[in-house]
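Chain residues, written in single-letter form:
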Amino acid sequence: MSNDNGKISVRQSLILFLMLFCAPAVRYIPAYAIGKASQAAWLTIIPSFIFGIIYAFAWSGFLKKHDKKSLLDIINEITGKYIGGFIRVVFFLWITLLLAYYLRMYAERILTSTMPNVNIIFLLSIMIITLVHILKSGIIPIAKMAEIFFIIIVALFFIYNLLVLPEIKIDNLLPVTFEDTLPIIEGSAGFVTLFSYISIIFIFNDEIEHKGEFDKMKYSGLLVAMIGGLFFIAMPIAVFGASVSSKLPLPFFATMMQINIFDVVERIESGIIVFWVISEFILMAVFIYSAMHILKKSFKLNNTRPLTMTYIIIIFFLSLILAGSTLELKMLSESVITPLSIIVGYCLPIIIYIIGKIRKIV
Amino acid sequence: MIFLIIFIIVLYIYNIYYIKNNIDNCKKLKIICTVLSICALGLGLYYDMCNYDNSITYYILKILNISY
């Protein structure tokens, strides 16, 4: 798709969403779902798919009449100037917290998995310098980069899952009973958290060329995310069993470490690190772009380029003072970030959609 | 710490210079840039002085009364 009009296509925005989905899905989804629903965790994709459909339905409703407007403008129109302003501040703070968390998590993960003796400031600096460089050019290079990397990531993902197939034991995925229903629904909160990131993409909806494509593509995007999610959860359970997987900090990564082809090819999990770092880089670039878009819209600015570097430095320091250890980060994720993301990113747009429907604005 | 202060001040001066020369109607942008620079400096100084007992998560979890 040509981006001559300075906008990205719906397909590109869905690929951006799938890239945002990848990084936390490797780390967070399996650990969270298995912790809640044990061996039945792989079924969390069913309620998640239903939650996803409800969410996609709300977005379709928003886009029917307001496909050229940013989410912030739609919120302003529905809720009014003051409540709209308050919601903007909430969105900005939420994105800033997420950015600090993901930046720190990226560095911690590299430190614990491959480079234990490297200074964390060095790892963070590399990431922020690259982010500053890519964000100079706007959203189009990020979207095009995501398109290219998405193909590589999908290929890597399926190759790794194919290689781990000899290690799986289907019995580990069973038994599943009716008593697992509630834990399965509870375990789907991880997916709902990731769905909430769609609202971050729709903050710059005015830079997405719609042409009515969202309605056609929403289910395919959701389906791809769910198939990926199924592999992320089912593979660790099938290889290690639920009780061992629930004790692993990174179950999917540990599963990929089991790849062994005729005792010759083994320990090739570094490919998954590539998978992580690329998707986390895209995630942070999109989040920073959205945060800058909030400032641009709120203060009616023509250009936010001079603010980007200073904002990224704020994120850098915030990520350093965010937590003292990985345990604190895990607690922050479970106790604060998950509920906050569900409320701000998932529930709030649906509530606003209902209000808009009552007021006949959407 | 001195490096940090110098870096943020140099970045601030560069940004103000950039805004002045490249962007019309720049008063608001200058104010936001100043606020963000002050925030960055404040967080940098806090990081330089804080230790592991007083991370942001520690305070958030304390407020929410969550033990770990």
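Caption draft 1: Summary view of the overall build of chain A. Each helix and strand in chain A was counted, giving 16 helices and four strands. Relative to the 2.2 N^0.38 estimate, which gives 21 Å for 362 residues, the radius of gyration of chain A is 20 Å and therefore close to what a compact globule would have. Counting only C-alpha atoms and orienting by the principal axes, one finds that chain A spans roughly 60 × 50 × 40 Å. Across the 362 residues of chain A, 50% fall into the buried class.

Caption draft 2: Quick look at the overall build of chain B. Of the regular secondary structure elements, chain B holds three helices and zero strands. Counting from the amino terminus, helix and strand elements in chain B follow one another as α-α-α. Evaluated residue by residue, chain B yields a buried proportion of 24% over its 68 residues.

Caption draft 3: Spatial organisation of the packing of helix α5 (residues 81–113) of chain A against helix α6 (residues 120–135) of chain A. All names here are of chain A. Running from amino to carboxyl end, α5 crosses α6 at an angle of 125°, the nearest separation of the two axes being 9 Å. Accordingly, the angle class assigned to the pair α5 and α6 is oblique. For the pair α5 and α6, the sense of crossing is right-handed. Contacts from Leu 103, Tyr 106, Ala 107, Ile 110 and Leu 111 of α5 reach α6 at Ile 120, Leu 123, Leu 124 and Met 127. When grouped by side-chain class, the residues that make up the contact of α5 with α6 number nine nonpolar, no polar and no charged.

Caption draft 4: Summary view of the environment of A:Ile203. Mapped onto the elements of the fold, A:Ile203 is located in the loop between α10 (197–201) and β2 (208–209). Contact partners of A:Ile203, with chain neighbours within four places excluded, come to A:Ser70, A:Leu71, A:Leu72, A:Phe91, A:Ser290, A:His293 and A:Ile294.

Caption draft 5: Highlighting the interface of chain B and chain A. The interface of chain B with chain A comprises 29 residues on the first partner and 25 residues on the second. Elements supplying a minimum of two residues to the side of chain B that touches chain A: α1 (2–22), α2 (27–49) and α3 (56–63) of chain B. Among the elements that make up the side of chain B that touches chain A, the one with the highest residue count is α2(B) (twelve residues). Tallied by class, residues from the side of chain B that touches chain A come to 23 nonpolar, five polar and one charged.

Caption draft 6: View of helix α2 (residues 29–37) of chain A. All names here are of chain A. Of all the nine residues making up α2, eight are buried; the element is thus mostly covered by neighbouring parts of the structure. What α2 keeps buried is the set Ile 29, Pro 30, Ala 31, Tyr 32, Ala 33, Ile 34, Lys 36 and Ala 37. The inward-facing, buried residues of α2 contact α1 (10–27), α8 (181–187), α9 (189–195), α11 (213–240), α12 (242–247) and α13 (251–256). Trailing α2 by a residue or two, Ser 38 shows a phi angle of about 50°, which is positive.

Caption draft 7: Seen up close, unusual backbone geometry. All names here are of chain A. If you check the backbone angles, Lys 300 has positive phi at about 50° while not being a glycine. Mapped onto the elements of the fold, Lys 300 is located in the loop between α14 (270–298) and α15 (305–322). Residue classification places Lys 300 among the exposed positions, given that 8 C-beta atoms sit within 10 Å.

Caption draft 8: Spatial organisation of helix α4 (residues 71–79) of chain A. Residues and elements named next belong to chain A. Within the sequence span of α4, burial applies to Leu 71, Leu 72, Ile 74, Ile 75, Asn 76 and Ile 78. Residues of α4 that are buried sit in contact with α3 (45–66), α5, α10, α14 and α16 (326–358). Taken from the residues just after α4, Gly 80 is the one with a positive phi, measuring 100°.

Caption draft 9: Molecular detail of the packing of α3(A) against α16(A). Residue and element names in this part refer to chain A. Axis separation between α3 and α16 bottoms out at 10 Å; the angle between their running directions is 45°. Comparing their axes, α16 and α3 come out oblique. Seen from above, α3 lies across α16 with left-handed handedness. Where α3 approaches α16, its residues Tyr 55, Ala 58, Gly 61 and Phe 62 are matched on the opposing element by Tyr 346, Pro 349, Ile 350 and Tyr 353. Of the residues assigned to the contact of α3 with α16, the class counts are seven nonpolar, one polar and no charged.

Caption draft 10: Molecular detail of the nonpolar core. Residues and elements named next belong to chain A. Within the largest apolar cluster, 143 residues are counted, with the highest numbers of intra-cluster contacts made by Ile 282, Val 286 and Ile 288. Ranked by residues supplied to this core, first place goes to α14 with 16 residues. Apart from the residues lying within four places of it in its own chain, the contact partners of Val 286 are Leu 16, Leu 20, Ile 142, Ile 200 and Ile 201.

Caption draft 11: Geometry of the environment of A:Pro141. Residues and elements named next belong to chain A. Examined against the element boundaries, Pro 141 turns out to sit in helix α7 (residues 139–164). For Pro 141, a count of 14 C-beta atoms within 10 Å corresponds to the partly exposed category. For Pro 141 and Leu 230, which are 89 residues apart along the polypeptide, the C-alpha to C-alpha distance reads 30 Å.

Caption draft 12: Fine view of the confidence of the model for chain B. Taken over all residues, the pLDDT of chain B has a mean of 82, while the share at 70 or more is 90%. Scoring the predicted complex yields pTM 0.90 and, for the interface, ipTM 0.90.

Reading the values: the criteria
Residues numbered from 1 in each chain as written. Chains lettered and ligands numbered in written order. Predicted model: local features only at pLDDT ≥ 70, side-chain atom pairs only at ≥ 80, totals over all residues. Helix = DSSP H or I, 4+ residues; strand = E, 2+ residues; numbered from the N terminus. Rg over C-alpha atoms; globule rule 2.2 N^0.38 Å. Buried ≥ 20, exposed ≤ 12 C-beta atoms within 10 Å, placed from the backbone. Axes fitted to C-alpha atoms, helices over the stretch in contact; angles between N-to-C directions. Parallel < 35°, antiparallel > 145°, perpendicular 65-115°, else oblique. Left-handed = near helix turned anticlockwise from the far one by under 90°. Contact = placed C-beta atoms within 7 Å. Nonpolar A, V, L, I, M, F, W, Y, C, P; charged D, E, K, R; others polar. Core = buried A, V, L, I, M, F, W, Y, C linked by C-beta atoms within 7 Å. pLDDT = per-residue confidence, 0-100.

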